[in-house]
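Take a look at the letters that make up each chain.
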Amino acid sequence: MMKHYKFSTREFGVSDTGIHLLRSNFNYSTINFKDITSLEIGRGRLIRNWLFVFIFGLSLIAFSIYYAIGLIGVFNDQSIKRIYIEELMVPFLPALLGGFCIHSASRKGVVMKIQHNGKKSSFPLEDIIKNNQYEDLVDYLVNTVKVYSKMKLISDHKKLVHID
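Reading the values: rules and limits
- Residues numbered from 1 in each chain as written.
- Predicted model: local features only at pLDDT ≥ 70, side-chain atom pairs only at ≥ 80, totals over all residues.
- Heavy atoms only, no water.
- Helix = DSSP H or I, 4+ residues; strand = E, 2+ residues; numbered from the N terminus.
- Contact = heavy atoms within 4.5 Å.
- Salt bridge = Lys/Arg side-chain N within 4 Å of Asp/Glu carboxyl O.

## Structural notes on the overall build of the protein chain
Then, number 1: Check the secondary structure of the protein chain and you find four helices and eight strands.
Then, number 2: Helices and strands appear in the protein chain in the N-to-C order β-β-β-β-β-α-α-β-β-α-α-β.
Then, number 3: The long-range share in the protein chain, meaning contacts at least 24 apart out of those at least 6 apart in sequence, stands at 60%.

This is the structure in structure tokens:
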């Protein structure tokens, strides 16, 4: 991670000027502290577009089941003499990917939700918690972001409730 951020994850870094949105450790956008109208930390989905990922996973598993049922019919057909290994792998690989998609979409954890300039952004704080920086981040945000009436921060991440 970049050294000039007080706190950083793969998705964002926090400095004295604001919250910097990162891609491959490069700042592509900055949310200034003065632009933040609401900041809330709680439990939520760890990925964006979780519903799309969940439905995609379900459709992959449905395809795998449909193909497997058709493949069982091929085994019972006496006129078919040869079945290729690729045909057996077709239902297996989408089922694995579908299971992974469903698992990813259903994961919940600690997230920071920010409203700024009419936009809403959500960032997972798993890396911050893993590095034992959660309490320091909360203290820093309380002292830096001047929206006390709209901030919901809890210093112990294990006591957080679900937000959506």
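On we go from here.
## Some words on the pattern of salt bridges
Then, number 1: Summed over all chains, the structure comprises four salt bridges.
Then, number 2: With its nearest N and O atoms 3.5 Å apart, the salt bridge here joins D16 to K6. On the criterion of sequence distance, the pair formed by D16 in the loop between β2 (12-14) and β3 (18-23) and K6 in the segment before β1 (7-8) is long-range, its members being 10 residues apart.
Then, number 3: For R10, the salt bridge identified is with D127, shortest N-O distance 3.4 Å. Here the residue R10 occupies a position in the loop between β1 and β2, and D127 occupies one in helix α3 (residues 126-130), the gap between them amounting to 117 residues.

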